[in-house]
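# Observations on the three-dimensional arrangement
Here is what each chain is made of, one letter per residue.
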Amino acid sequence: MGQARFVDFHCHLDLYPDLEEAIAACDRAQVFTLAVTTTPRAWERNHLLASKSRYVRAALGLHPQLVRERAREITLWKEYLPTARYVGEVGLDAGPRFIGSLDEQKRVFDLVLRECARAGGKILSVHSVRSSKIVLDMIEKHLAGSSCRVVLHWFTGSGSEARRAADLGCYFSINHEMLKKQRSKAIVAQLPVDRLLTETDGPFTMTAQRPSRPDDVCRALAALADLRGEHHDALARTLICNLRRLLAQVDAA
Ligand code: MN
C-alpha cells in the first residue's frame, strides 16, 4: 500500500470511462483504493490492472442488485475466489426495487460467506440496504471465529445494530453522502474510532456536480473529522492505522 495518504475502501473504478487512467490517478494521489466489482466477469481485468498498482486492490463481487439477472454467475465467482484476497461488492438489498429478489440474494450471500469462511483470510466490502439485521445475522453465523473481516459499506442500520456489528469485528467505510443525514451522523459519531475507514462509492456519489473520484475521499475525511471533533491530519493517520491493522488481522490468520 506504499505511503498511502487516504483510504477509499469502496469505489467502482471500472465504471469510469478509463479504468487504467482511474487506477493511475489513485497511484498519483496516493489513495489506497478498493476497486469493487459488480459481476465476477469484471474480475480478471480489474485484478490484472490492480496487481500492477501500488495503491489499488481489486475485489471480487456479485452485487445484490444484479442477483436477479446474474445469480448463475456465482459459479464463476466461486472459481475466482482462490485468486482474490478482497471480496465485494456483495451483500443484500431489501429496498423497494430489489426486495423481489431477496430470497435469491440471501442464497447467493449465504454461499459467498460460507466460501469465504472456508477459504479464510478474506476482506469483504458488504452492502446492507434495509437489511442490516439479516446481514449481521448471516455474518455472525458464518464468519464468527473465522480469519475473514467485514467492512460494512454505507451502513444505514440503527445504533444498536452498529454496536452489534462492531462486536462482531466489523469495520465501517463512511462516505460524504452519509454525513449529510442527521440520523446517519448520530450513528457514525458513536462508532469506535478504531473501526473507521472512508469511501467514495464513486461514481454513484457526486462531488462538485460530477461523479466522485477516489481523491475526493478527503471530503468524507473532513466531514468525519468535523463530526467527531478530531484534527483532520490526526484522523487521516488513524484511518491509515486502521487499514494496516485490518490487513494485518487477515494476514496473521
Ligand atoms: Mn457500491
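Look a little higher up for the structure.
Residues numbered from 1 in each chain as written. Predicted model: local features only at pLDDT ≥ 70, side-chain atom pairs only at ≥ 80, totals over all residues. Heavy atoms only, no water.

Moving on: the overall build of the protein chain. Across its full length, the protein chain holds ten helices and ten strands. Over its C-alpha trace the protein chain gives a radius of gyration of 17 Å, about what one expects of a compact globule, namely 18 Å for 253 residues. A principal-axis box enclosing the C-alpha atoms of the protein chain has dimensions of 45 × 40 × 40 Å. For the protein chain, with 253 residues in total, the buried portion stands at 56%. (Helix = DSSP H or I, 4+ residues; strand = E, 2+ residues; numbered from the N terminus. Rg over C-alpha atoms; globule rule 2.2 N^0.38 Å. Buried < 20%, exposed > 50% of the residue type's maximum accessible area, 1.4 Å probe, protein only.)

Quick look at the coordination of the manganese ion now. Coordination of the manganese ion by the protein involves His 10 (NE2), His 12 (NE2), Glu 89 (OE) and Asp 201 (OD), with metal-donor separations of 2.3 to 2.4 Å. Positions of the donor residues of the manganese ion along the chain correspond to the pattern H-x1-H-x76-E-x111-D. Here His 12, found in the loop between strand E1 (6-11) and helix H1 (19-29), pairs with Asp 201, found in the loop between strand E8 (196-198) and strand E9 (206-207); they are 189 residues apart in sequence, far enough to count as distant. (Donors = N, O, S within 2.8 Å, 3.2 Å for Na, K, Ca; no water.)

Helix H7 (residues 159-167) packs onto helix H6 (residues 132-143) with a crossing angle of 15° between their chain directions and a minimal axis gap of 11 Å. On the basis of the axis angle, H6 is roughly parallel to H7. The element H6 and its partner H7 pack so that their crossing is left-handed. For the pair H6 and H7, contact is made by Ser 132, Lys 133, Leu 136, Asp 137 and Glu 140 and by Glu 161, Arg 164 and Ala 165, respectively. Tallied by class, residues from the contact of H6 with H7 come to two nonpolar, one polar and five charged. (Axes fitted to C-alpha atoms, helices over the stretch in contact; angles between N-to-C directions. Parallel < 35°, antiparallel > 145°, perpendicular 65-115°, else oblique. Left-handed = near helix turned anticlockwise from the far one by under 90°. Contact = heavy atoms within 4.5 Å. Nonpolar A, V, L, I, M, F, W, Y, C, P; charged D, E, K, R; others polar.)

Counting buried positions along strand E2 (residues 31-35) gives five out of five residues, so the element sits mostly inside the fold. Where burial is concerned, the two faces of E2 agree: the one with Val 31, Thr 33 and Ala 35 and the one with Phe 32 and Leu 34 are both buried. Running through H1, the crossover from E1 to the neighbouring parallel element E2 is right-handed. Bridging between E2 and strand E3 (residues 56-60) involves three bridges; their strand directions are parallel. Residue Leu 34 lies in a different strand from E3, and its bridge partner there is Arg 57. (Right-handed = clockwise from strand over helix to strand, strands pointing away. Pairing = 2+ DSSP bridges.)

Right, let's talk about H6 for a bit. Within an α-helix, residues lying three or four positions from one another point in the same direction, as the helix has 3.6 residues per turn. Given a rise of 1.5 Å per residue, twelve residues ought to cover 16 Å, and the 16 Å separating the end C-alpha atoms of H6 matches this to within 8%. What H6 keeps buried is the set Ser 132, Val 135, Leu 136, Met 138, Ile 139, His 142 and Leu 143. Projected onto a plane normal to the axis of H6, the buried residues spread over an arc of 160° and lie on a single side. On the buried face of H6, the contacting elements are strand E4 (86-93), helix H5 (102-119), strand E5 (123-129), strand E6 (149-153) and H7. Following H6 by one or two positions, Gly 145 adopts a phi angle in the positive range, close to 80°. (Expected span 1.5 Å × (residues − 1). Arc of directions from axis to C-beta.)

With respect to topology, eight strands assemble into an open sheet ordered E1-E2-E3-E4-E5-E6-E7-E8, the strand pairing being parallel. Among the strands making up the open sheet, the edge pair consists of E1 and E8. When the angles between neighbouring strand axes are averaged without regard to direction, this sheet yields 30°. Against the sheet, helix H9 (residues 217-228) contacts E1, E2, strand E7 (171-174) and E8, and its axis sits at roughly 145° relative to E8.

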